[in-house]
Amino acid sequence: MVKAVKILWISAVVLNIASIVFFFMLTNHWLTQGWVMDIISTVVLQIVGIPSAALIVVSLCIFKFNWKPASWVGYLGALIIIAALLWIAGYLFLFAWLSI
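Let us look at the structure shown here. Per chain, the residues get numbers from 1 upward, laid out in the order the sequence is written. With the structure being a predicted model, the display of local features is reserved for residues of pLDDT at least 70 and the display and counting of side-chain atom pairs for 80 or more, all residues being used for whole-chain, interface and lining totals. For side-chain calculations, the full set of non-hydrogen atoms in the structure is used, while hydrogens and water are omitted.

## Thoughts on a nonpolar patch on the surface
Here is step 1 of the chain: On the surface, a nonpolar cluster with roughly 450 Å² of combined accessible area is contributed by Trp72, Val73, Leu76 and Ile80.
Here is step 2 of the chain: Think of it this way: any DSSP run of H or I at least four residues long counts as a helix, any run of E at least two long counts as a strand, and we number them from the N terminus. Looking at the element boundaries, isoleucine 80 is found in helix H3 (residues 72-98). For patch detection, residues must exceed 30% relative accessible area and be free of salt bridges, and they are connected within 9 Å for like charges or within 5 Å for nonpolar side chains (Val, Leu, Ile, Met, Phe, Trp, Tyr). The Shrake-Rupley method, run with a 1.4 Å probe, gives the accessible areas here. Residue values count only the displayed protein chains as cover. Every case where a carboxyl oxygen of Asp or Glu lies within 4 Å of a side-chain nitrogen of Lys or Arg is listed as a salt bridge.

Have a look at this one:
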């Protein structure tokens, strides 16, 4: 895999994990009420958090098995996954920031 794509992909995965942590911290009022989340935050986490976790697991499996795309189609698929990771991270950061 091209080194620039791999670095971008790893950065997207780390940013996505950080957005999930940030989401938990800000939507739980700094954990003063335990792990109780309001209904809207729970729904957002189910709609966006589950695909985010699935993309993170898929990305980590790809890195573990050292997948190398054979053609431009593989790189296009990788860029689609990277774009999805970045979009989800941006959405989670925005929602967490607006919920303050």
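On we go.
## Points about the packing of helix H1 (residues 3-27) against helix H2 (residues 39-64)
Here is step 1 of the chain: One way to put it is that H1 packs onto H2 with a least axis distance of 10 Å and a crossing angle of 150°. The angle between H1 and H2 places the two elements in the roughly antiparallel class. Crossing angle aside, the handedness with which H1 passes H2 is left-handed. Contacts from Lys6, Trp9, Ile10, Val13, Asn16, Ile17, Ile20, Phe23, Phe24 and Thr27 of H1 reach H2 at Ser41, Val44, Leu45, Ser52, Ile56, Ser59, Leu60, Ile62 and Phe63.
Here is step 2 of the chain: Taken together, the residues of the contact of H1 with H2 sort by class into 13 nonpolar, five polar and one charged. In this description, a line fitted to the C-alpha atoms serves as the axis of each element, helices being fitted only across the stretch in contact, and the angle between N-to-C directions of two axes falls anywhere from 0 to 180 degrees. Note on angle classes: values under 35 degrees are labelled roughly parallel, values over 145 roughly antiparallel, values of 65 to 115 roughly perpendicular, and the remainder oblique. Crossing chirality is assigned from the near helix's rotation relative to the far helix, an anticlockwise turn below a right angle marking it left-handed and a clockwise turn marking it right-handed. Throughout, a contact is declared for two residues whenever any of their heavy atoms are within 4.5 Å. Side-chain classes are defined by residue name, with Ala, Val, Leu, Ile, Met, Phe, Trp, Tyr, Cys and Pro counting as nonpolar, Asp, Glu, Lys and Arg as charged, and the others, Gly among them, as polar.

## Some points on the environment of asparagine 16
Here is step 1 of the chain: Relative to the assigned elements, asparagine 16 resides in helix H1.
Here is step 2 of the chain: Under the relative-accessibility criterion, asparagine 16 is labelled buried at 0%.
Here is step 3 of the chain: Taking the C-alpha atoms as reference points, asparagine 16 and phenylalanine 93, separated by 77 residues in sequence, lie 9.2 Å from one another.
Here is step 4 of the chain: Apart from the residues lying within four places of it in its own chain, the contact partners of asparagine 16 are Ser52, Ile56, Leu85, Ile88 and Ala89. Burial classification: accessible surface area is computed with a 1.4 Å probe over protein chains only, and a residue below 20% of its type maximum counts as buried, one above 50% as exposed, and the rest as partly exposed.

## A look at the side chain of serine 52
Here is step 1 of the chain: Considering the arrangement of structural elements, one finds serine 52 in helix H2.
Here is step 2 of the chain: A relative accessible area of 0% places serine 52 in the buried class.
Here is step 3 of the chain: Leave out the neighbours within four places in its chain, and serine 52 touches Asn16, Ile20 and Ile88.

## Notes on the packing of H2 against H3
Here is step 1 of the chain: Relative to each other, H2 and H3 sit at 150°, their axes nearing to 10 Å. Relative to H3, the element H2 is oriented roughly antiparallel. In this structure, H2 meets H3 at a crossing whose hand is left-handed. Contact with H2, carried on its side by Ile40, Ser41, Val44, Val48, Pro51, Ser52, Leu55, Ile56 and Ser59, involves Ile81, Ala84, Leu85, Ile88, Tyr91, Leu92 and Phe95 of H3 and no other residues of that element.
Here is step 2 of the chain: Among the residues forming the contact of H2 with H3, the class breakdown is 13 nonpolar, three polar and no charged.

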